[in-house]
Amino acid sequence: HPRFPKRLIMKVLFVALTRRDVDHIAHLARLAVSEEEAAEGGEYDEDHFSANILLGKRLSLFQTGAVSLGYRSVTTDAYRPGRTIDPSGSDRYLVASLQFTHDTRDLAEYATQGMLIAASATQNGLGESHLSYSRFALDLRGFVPLGDAFILAGRGFGSFAAGGTVPVYGRTLFGFGERIRGHY
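Can you help me understand the overall build of the protein in this one?
Assigned secondary structure in the protein consists of 2 helices and 7 strands. Listing each helix as α and each strand as β along the protein from the N terminus yields β-α-α-β-β-β-β-β-β. Looking at the protein as a whole, 28% of its 184 residues are labelled buried. Long-range pairs, those at least 24 residues apart, make up 56% of the contacts in the protein with a sequence separation of at least 6.

In structure tokens:
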């Protein structure tokens, strides 16, 4: 909150455990399985586990920075090439991330004025596993009131991967966690 004094913010631990039926998600997103897998039936389950520690600091009234370190595990019940990077069918790896946010919006959920600039750089795999790639993300949003009844809003979002092979589950899928206000 902008009125809180500068201080260290610490999210101690975030843990998530999920199970996905990849055939169902592939039907929705058309990206989760290769053409060969789709021809062969391609249905399999993925078990996801993640734990993260995040240390953040308010740098000014509108700016925050954070660094995080985490562990992720993705296991499939039936290995085929492309489902995981590790030939064992289980990707287990460390994740490190840097984040910066500049946020002048009046409300985070339903802004009527201001802007948001959020940038992050994430390294997936720190040399301890078969998996190793980087992801860079940038989110730009702007809100300008046009009189009492209208707001001009704009958004640009990009997520770019570099380095090694990006696993199927590591692809960016728009419309799941990132929604456009007013459209569900």
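Moving on, there is more to tell.
Is there a simple way to think about the pairing of strand 5 (residues 114-124) in this case?
Residues in a regular strand point their side chains to alternate faces of the sheet. As defined by bridge partners, strand 4 (residues 90-103) adjoins strand 5 across 9 bridges and the pair is classed as antiparallel. Each residue of the ladder has a partner; that of T101, found in strand 5, is A118. With 11 bridges connecting them, strand 5 and strand 6 (residues 133-146) associate as antiparallel partners. Bridging across to strand 6, G114 finds its partner in F143.

What is the right way to read the side chain of D86 from this model?
Its location among the elements puts D86 in the loop between strand 3 (63-76) and strand 4. Summary of buried charges: D86 has no salt-bridge partner, and the nearest side chain of opposite charge, R92, is 7.2 Å away. Looking at D86, its side chain comes within polar contact range of the main-chain nitrogen of S88, at 2.9 Å. Polar side-chain contacts of D86 include one of 2.9 Å to the side chain of H130. Filtering out sequence-adjacent residues up to four positions away, D86 remains in contact with Y79, D91 and H130.

Quick question: what am I supposed to make of a nonpolar patch on the surface here?
Taken together, the side chains of F49, L69, Y71, L94 and L126 present a nonpolar region at the surface, about 410 Å² in accessible area. Tracing the backbone through its elements, the reader meets Y71 in strand 3. The class for Y71 is partly exposed, based on a relative accessible area of 31%.

Sorry if this is basic, but what is going on with the nonpolar core here?
Side chains of nonpolar character tend, in soluble globular proteins, to be buried together. Ranked by size, the top nonpolar core spans 6 residues in total: V74, Y93, V95, L131, Y133 and Y169. Not counting residues within four places of it along the chain, the set of residues in contact with V74 comprises E46, D47, H48, T84, G89, S90, D91 and Y169.

Would you take a moment to explain the pairing of strand 7 (residues 150-163) for this structure?
Where strand 6 meets strand 7, 14 bridges bridge the pair, whose relative direction is antiparallel. Within the sheet, the bridge partner assigned to Y133 lies in strand 7 and is G163. The turn joining strand 6 and strand 7, which pair antiparallel and follow one another in sequence, is formed by 3 residues; a positive phi near 75 degrees is taken by G147.

Please clarify how the environment of F160 should be interpreted in this entry.
By secondary structure assignment, the location of F160 is in strand 7. Taking relative accessible area as the criterion, F160 reaches 53% and is therefore assigned exposed. Once the C-alpha coordinates of F160 and S134 are considered, the two residues, 26 residues apart in sequence, prove to be 8.3 Å apart. Sequence-distant contacts of F160, defined by excluding residues within four places in its chain, comprise S134, R135 and F136.

Any chance you could explain the pattern of salt bridges here in plain terms?
Pairs can form between side chains of opposite charge once their charged atoms are near each other. Considering all chains together, one arrives at 3 salt bridges under this definition. Put simply, D139 and R141 hold a salt bridge, and the shortest N to O gap is 2.7 Å. One salt bridge connects D139 with R155, and the closest N-O pair in it is separated by 3.1 Å. Highlighted residues: D139 in strand 6 and R155 in strand 7, separated in sequence by 16 residues. The exposure class assigned to D139 is buried, which follows from its relative accessible area of 7%.

Any chance you could explain the side chain of S97 here in plain terms?
Tracing the backbone shows S97 in strand 4. In terms of polar contacts, S97 uses its side chain to reach the side chain of T122, at 3.2 Å. When neighbours within four sequence positions are excluded, S97 is seen to be in contact with A66, V67, S68, A121 and T122.

What counts and what doesn't
Residues numbered from 1 in each chain as written. Predicted model: local features only at pLDDT ≥ 70, side-chain atom pairs only at ≥ 80, totals over all residues. Heavy atoms only, no water. Helix = DSSP H or I, 4+ residues; strand = E, 2+ residues; numbered from the N terminus. Buried < 20%, exposed > 50% of the residue type's maximum accessible area, 1.4 Å probe, protein only. Contact = heavy atoms within 4.5 Å. Pairing = 2+ DSSP bridges. Lys, Arg positive; Asp, Glu negative; His and termini not counted. Salt bridge = Lys/Arg side-chain N within 4 Å of Asp/Glu carboxyl O. Polar contact = N/O pair within 3.5 Å; in protein donor to acceptor, adjacent residues only side chain to side chain. Patch = residues over 30% accessible without salt bridge, like charges linked within 9 Å, V, L, I, M, F, W, Y side chains within 5 Å. Areas by Shrake-Rupley, 256 points an atom, 1.4 Å probe, with all protein chains shown as cover. Core = buried A, V, L, I, M, F, W, Y, C linked by side-chain atoms within 4.5 Å.

Coordinates in, geometry out; function isn't part of it.
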